[in-house]
Amino acid sequence: MNFKTPALIAALTLSATASFAASDNNLQDDYLDAQAHAKALSAQLDTMGVDADATIDFNSPVTLSQKVEAYHDKISDLQGQFESARAAQ
């Protein structure tokens, strides 16, 4: 067996692992960004006198991508409330 083969296999394995880890970190970042965005919109609505809640209750196990999607839906809802409140002023 050539000595370069195990090194090549190890390098490819590490590369693939790093790639998957990077995509998980991006998804985690997306989740945290969406959560923060929802909280910021909720806080802004509260200062405008609109009762808005940015929390989402996950009653069953969900994947991180499903959580991101749920927060994007929440952001859309909060954005609509913000636009309505601003138009009413």
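For every chain, the first residue of the written sequence is number 1, and numbering continues from 1 onward in sequence order. Given that this is a predicted model, residues contribute local features only at a pLDDT of at least 70 and side-chain atom pairs are listed and counted only at 80 or more, while totals for whole chains, interfaces and linings are drawn from all residues. To get the side-chain values, take all heavy atoms of the structure and skip hydrogens and water.

J.: Can you walk me through the overall build of the protein chain in this structure?
T.: On a plain count of helices and strands, the protein chain comes out with 2 helices and 0 strands. For every residue, the accessible area obtained with a 1.4 Å probe (protein chains only) is divided by the maximum for its type, and the residue is called buried under 20%, exposed over 50%, and partly exposed between those limits. Going through the 89 residues of the protein chain one by one, you find that 19% of them count as buried. What makes two residues a contact is simply this: any of their non-hydrogen atoms within 4.5 Å. If you take every contact in the protein chain between residues at least 6 apart in sequence, the share linking residues at least 24 apart comes to 69%. Exposure was quantified through the Shrake-Rupley algorithm and a 1.4 Å probe, taking into account, for residues, occlusion by the shown protein chains and nothing else. Accessible surface, the protein chain: about 6500 Å² in total, of which carbon and sulfur atoms supply 55%. The way it works is that DSSP assigns letters per residue, a run of H or I at least four long becomes a helix, a run of E at least two long becomes a strand, and they are numbered from the N terminus.

J.: Before we go on, may I ask you to explain the nonpolar core in this structure?
T.: The nonpolar side chains of a soluble globular protein tend to be buried with one another. In terms of nonpolar packing, the biggest core is built from 13 residues, with Ala38, Leu45, Tyr71, Ile75 and Leu78 touching the most fellow members. Of all the secondary-structure elements, those providing two or more residues to this core are helix 1 (4–47) and helix 2 (64–88). When sequence neighbours within four positions are dropped, the list of residues in contact with Ile75 reads Ala34, His37, Ala38 and Leu41. Here, nonpolar core refers to any group of buried Ala, Val, Leu, Ile, Met, Phe, Trp, Tyr and Cys residues whose side-chain atoms link them within 4.5 Å.

J.: Any chance you could explain the environment of Ala34 here in plain terms?
T.: Topologically, Ala34 is positioned in helix 1. Among the residues examined, Ala34 registers a relative accessible area of 4% and is labelled buried. A sequence separation of 40 residues divides Ala34 from Lys74, and the C-alpha atoms of the two residues are 9.1 Å apart.

J.: What's the story with helix 2 in this structure? I'm lost.
T.: A turn of α-helix holds 3.6 residues, and therefore any two residues three or four places apart point the same way. Between its first and last C-alpha, helix 2 extends 36 Å over 25 residues, near the 36 Å set by a 1.5 Å rise per residue. Along helix 2, the residues that are buried comprise Val68, Tyr71, Lys74, Ile75, Leu78, Phe82 and Ala85. The span you would expect from a helix comes to 1.5 Å times its residue count less one.

J.: Looking at this structure, I do not really get the packing of aromatic side chains. What am I missing?
T.: Geometry of an aromatic ring pair is reported as the spacing of the ring centres plus the angle between the planes. Aromatic pairing here means that ring centres of Phe, Tyr or Trp (its six-membered ring) are within 6.5 Å. Orientation follows from the plane angle: under 30 degrees is stacked, over 60 is edge-to-face, and everything else is tilted. Considering all chains together, one arrives at 2 aromatic pairs under this definition. Ring geometry for Tyr31 against Tyr71: centres 5.8 Å apart, planes inclined by 70 degrees, an arrangement best described as edge-to-face. Taken together, the residues span a long stretch of sequence, with Tyr31 in helix 1 and Tyr71 in helix 2 at a distance of 40 residues. One aromatic cluster in this structure is built from Tyr31, Phe58 and Tyr71. We note Lys67 situated over the ring of Phe58; from NZ or CZ to the ring centre the distance is 5.6 Å. Only lysine NZ and arginine CZ atoms are considered, and such an atom sits over a ring when it is within 6 Å of the ring centre and within 35 degrees of the ring normal.

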